[in-house]
Amino acid sequence: MQRFAVIGWGSLIWDMDGLERRVTGGWQMGAGPPLPLEFSRVSAKRLGGLVVCIDPDHGVPCPTHAIASNRGCLLRAAVDLARRERASLRRIGVACAGASVLRSRLPGLAEEVAAWCRAAGWAGAVWTDLDANFAAEKGEPFSIPAAERHLVGLAGASRIEAVRYIEEAPVATDTPLRRHLAAQPWWRQAAAALR
């Protein structure tokens, strides 16, 4: 059977939310392709917190992680991930090592992932291809100060979930916003309260 990778970098690592039935083995941490990541997506699922996404405008290259789908069909692996993400299938990136199937919202990204598949011995891969929506949701461009203002403005369960999400992201997801927050006393206090 051909091996297809599911690539992750955020909550998928610790919250498979049903996808665990569709994968085999454990996460291969740091084994995925490096991708430009930033916490620049406002998420309704995470109560308005910021989640990490592929963001070539504001992100920095970060290692990603891979786990094997137990599906023998790349499309079925994509459908499984779409269900987990509660997203349409067109919001799931797909790359076949043979470059016969390539889909991403970002030019060239699927080709890069296909090259990684060939080098790493995967027949293909799927990943969450949601865009950075901060500007659309907040009415101002994403920036570190704007993102911090957004997080400071969250209260109650929304603030707790926002802090938890960023703190639980893999250490390798080392983005400019995450580094900035780690130096802020209010953030350190909020993170300590979760421990």
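Details of the structure are given in the entry above.
We now turn to the structure provided with this report. (Residues numbered from 1 in each chain as written. Predicted model: local features only at pLDDT ≥ 70, side-chain atom pairs only at ≥ 80, totals over all residues. Heavy atoms only, no water.)

## Points about the sheet that holds strand β4 (residues 50-54)
Move 1: If you trace the three strands from one edge of the open sheet to the other, you get β4-β3-β5, paired in antiparallel fashion. Two strands bound the open sheet, and with one partner strand each, they are β4 and β5 (60-62). Taken over all neighbouring pairs, the strand axes of this sheet differ in orientation by 55° on average, direction set aside.
Move 2: Of the strand pairs in this sheet, strand β3 (residues 35-42) and β5 are connected by three bridges, and their pairing is antiparallel. Among the inter-strand pairings, Leu35 is bridged to a residue of β5, identified as Cys62.
Move 3: Strands β3 and β4 of the sheet are contacted by helix α5 (residues 156-168), whose axis makes an angle of about 40° with β4. (Pairing = 2+ DSSP bridges. Helix = DSSP H or I, 4+ residues; strand = E, 2+ residues; numbered from the N terminus. Axes fitted to C-alpha atoms, helices over the stretch in contact; angles between N-to-C directions. Contact = heavy atoms within 4.5 Å.)

## Description of the pairing of strand β9 (residues 124-128)
Successive residues of a regular strand alternate their side chains across the two faces of the sheet.
Move 1: A large share of β9 lies buried, amounting to five of its five residues.
Move 2: Neither face of β9 is exposed, since Gly124, Val126 and Thr128 on one face and Ala125 and Trp127 on the opposite face are all buried.
Move 3: Relative to β9, strand β1 (residues 4-8) runs parallel, the two being bridged by four bridges. Within β9, the position partnered with Ala5 by the bridge is Ala125. (Buried < 20%, exposed > 50% of the residue type's maximum accessible area, 1.4 Å probe, protein only.)

## Concerning the nonpolar core
Move 1: Counting residues in hydrophobic clusters, the biggest one holds 42 residues, and the most contacted among them are Val113, Trp116 and Trp127.
Move 2: Broken down by element, the residue count for this core peaks at six residues, all from helix α2 (residues 109-120).
Move 3: Those residues within four positions of Trp116 in sequence are excluded, and the remaining contacts are Ala5, Ile7, Ala31, Gly32, Pro33, Ala66, Trp122 and Ala125.
Move 4: Within the second largest apolar cluster, 19 residues are counted, among which are Leu12, Leu19, Leu81 and Val126. (Core = buried A, V, L, I, M, F, W, Y, C linked by side-chain atoms within 4.5 Å.)

## Here's the deal with the packing of aromatic side chains
Two aromatic rings, taken as a pair, are described by how far apart their centres are and by the angle between their planes.
Move 1: Under the definition given, this model contains five aromatic pairs.
Move 2: Ring plane angle 90° and centroid distance 5.4 Å describe the contact between Phe134 and Phe142, whose orientation is recorded as edge-to-face. In this pair, the class of Phe134 matches that of Phe142, namely buried.
Move 3: Note on Trp186 and Trp187: the rings are 5.4 Å apart at their centroids and 90° apart in plane angle, and the pair reads as edge-to-face.
Move 4: Classification of Trp186 by relative accessible area gives partly exposed; the value is 21%.
Move 5: Here Arg3 stacks its cationic end above the ring of Trp122, 4.0 Å away from the centre of that ring. (Phe/Tyr/Trp six-rings, centres within 6.5 Å; stacked < 30°, edge-to-face > 60°. Lys NZ or Arg CZ within 6 Å of the ring centre and 35° of its normal.)

## Examining α2
Think of an α-helix as turning once every 3.6 residues; residues three or four places apart then point the same way.
Move 1: Here α2 contains twelve residues, and its C-alpha end-to-end distance of 16 Å stays within 8% of the 16 Å for a straight helix at 1.5 Å per residue.
Move 2: Leu109, Ala110, Val113, Ala114, Trp116 and Cys117 are the residues of α2 that are buried. Looking straight down α2, one finds its buried side chains confined to an arc of 160°; they lie on one side. Exposed residues lying more than 90 degrees from the buried face of α2 are Glu112 and Ala119.
Move 3: Positioned one or two residues after α2, Gly121 has a phi angle of 85°, which is positive. (Expected span 1.5 Å × (residues − 1). Arc of directions from axis to C-beta.)

## Considerations on the packing of α5 against helix α7 (residues 185-194)
Move 1: Relative orientation of the contacting elements α5 and α7 amounts to 90°, with a least axis distance of 10 Å. In terms of their interaxial angle, α5 and α7 are classed as roughly perpendicular. For the pair α5 and α7, contact is made by Arg159, Ile160, Ala162, Val163, Arg164, Ile166 and Glu167 and by Trp186, Trp187, Ala190, Ala191 and Leu194, respectively.
Move 2: A class-by-class count of the residues in the contact of α5 with α7 yields nine nonpolar, no polar and three charged. (Parallel < 35°, antiparallel > 145°, perpendicular 65-115°, else oblique. Nonpolar A, V, L, I, M, F, W, Y, C, P; charged D, E, K, R; others polar.)

## Some points on the side chain of Glu85
Move 1: Topologically, Glu85 is positioned in helix α1 (residues 74-85).
Move 2: For Glu85, a relative accessible area of 18% translates into the label buried.

## So, unusual backbone geometry
Move 1: Here the phi dihedral of Asp17 falls at roughly 50°; this positive angle occurs in a residue that is not glycine.
Move 2: Owing to a relative accessible area of 32%, Asp17 belongs among the partly exposed residues under this scheme.
Move 3: The backbone phi angle of Arg86 is positive, close to 55°, even though this residue is not glycine.
Move 4: Structurally, the position occupied by Arg86 is in the loop between α1 and β7 (92-96).
Move 5: Overall, the relative accessible area of 56% leaves Arg86 in the exposed class.

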